[in-house]
Amino acid sequence: MASWLPETLFEIVGQGPAPSKDYYQLLVTRFQVIFRWWKISLRSEYRSAKPGEAKETHEDFLEKSHLQVQIALIFGSRILDYVFNLCEGKFDFLERLSDSLLLNIISYLDLEDVARLSQTSRRFAKLCTSDELWEQIVRSSCDHITPDMRALAQDMGWRRMYFTNKLQLQRHLRKRKQRQGSQPSSQL
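Residues numbered from 1 in each chain as written. Predicted model: local features only at pLDDT ≥ 70, side-chain atom pairs only at ≥ 80, totals over all residues. Heavy atoms only, no water.

## Overview of the UniProt feature "domain: F-box" (unreviewed entry) in the chain
Okay, so step 1: Per the UniProt record, "domain: F-box" (unreviewed entry) is found at residues 91-137.
Okay, so step 2: In residues 91-137, helix accounts for 70% and strand for 0%; the two terminal C-alpha atoms are 30 Å from one another. (UniProt positions renumbered as here; feature names shortened; annotations may be inferred. Helix = DSSP H or I, 4+ residues; strand = E, 2+ residues; numbered from the N terminus.)

## Details of the nonpolar core
Okay, so step 1: Among the nonpolar cores identified, the biggest contains 21 residues, and Ile 106, Leu 133, Trp 158 and Met 161 are the most heavily contacted of them.
Okay, so step 2: When residues of this core are traced back to their parent elements, those giving at least two are helix 5 (99-106), helix 6 (111-117), helix 7 (122-128), helix 8 (131-141), helix 9 (147-156), helix 10 (158-163) and helix 11 (166-182).
Okay, so step 3: Every residue in contact with Met 161, bar those within four places of it in the chain, is listed here: Met 149, Ala 153, Met 156 and Leu 169.
Okay, so step 4: In this structure, Phe 10, Phe 35, Phe 61 and Leu 80 belong to the second largest nonpolar core, which totals 19 residues. (Core = buried A, V, L, I, M, F, W, Y, C linked by side-chain atoms within 4.5 Å. Buried < 20%, exposed > 50% of the residue type's maximum accessible area, 1.4 Å probe, protein only. Contact = heavy atoms within 4.5 Å.)

## Thoughts on the sheet that holds strand 4 (residues 52-57)
Okay, so step 1: Ordered in space as 1-2-3-4, the four strands form an open sheet in which the pairing is antiparallel. Across the chains shown, the open sheet's two edge strands, defined by having one partner strand only, are strand 1 (8-15) and strand 4. Direction aside, the axes of adjacent strands within the sheet are offset by 10 degrees on average.
Okay, so step 2: Across six bridges, the pairing between strand 3 (residues 32-38) and strand 4 is antiparallel. (Pairing = 2+ DSSP bridges. Axes fitted to C-alpha atoms, helices over the stretch in contact; angles between N-to-C directions.)

## Points about a positive patch on the surface
Okay, so step 1: A cluster of like positive charges, contributed by Arg 171, Arg 174, Lys 175 and Arg 179, occupies part of the molecular surface.
Okay, so step 2: Tracing the backbone through its elements, the reader meets Arg 179 in helix 11. (Patch = residues over 30% accessible without salt bridge, like charges linked within 9 Å, V, L, I, M, F, W, Y side chains within 5 Å. Areas by Shrake-Rupley, 256 points an atom, 1.4 Å probe, with all protein chains shown as cover. Salt bridge = Lys/Arg side-chain N within 4 Å of Asp/Glu carboxyl O. Lys, Arg positive; Asp, Glu negative; His and termini not counted. Charge placed at Lys NZ, Arg CZ, Asp CG, Glu CD.)

## Here we look at helix 9
Okay, so step 1: Among the residues of helix 9, Met 149, Leu 152, Ala 153 and Met 156 are the ones counted as buried. Down the axis of helix 9, the buried side of the element spans an arc of 100 degrees, and every buried residue falls inside it. Across helix 9 from its buried face, at more than 90 degrees, point the exposed residues Pro 147, Gln 154 and Asp 155.
Okay, so step 2: Taken together, the buried residues of helix 9 touch helix 10 and helix 11. (Arc of directions from axis to C-beta.)

The structure is reproduced here in structure tokens:
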């Protein structure tokens, strides 16, 4: 299974905590943890400072490593935990999938499963409530989406539109057409 993994398992960049202006990169490959830094300072003693790099094997990193402290300070404990899991061989393959692919997969789930999935993580909560997902769900359940329905969905959101019954949708569409008809032609 690990042979399917790309060479780079994880990468993140960020700026050090204030008042630091230094930039950092954390790279986890299949065999190493690489930590790079760039000093950014107006002080004359740091102007000639060259970028730095520290490399450790996964095993060395899991042992008492000075990089653990640096990663926790710069990127936070959540990222440190994730790097620990990667170094221990615990890969979260769902985490590696793109949002568009996950949205496509989620669109085939039953609504109860979408609701349960939304409670598993922040990322899935965001995906399960996204307009992109609910647009796919509405499209799969409707034969035809008129331009008026699309405009109404843009106003009210695809999720809300999905859970609104047909009579209410027709009333919303009529109100929307009336509002558009009552607007002066200069605003159109």
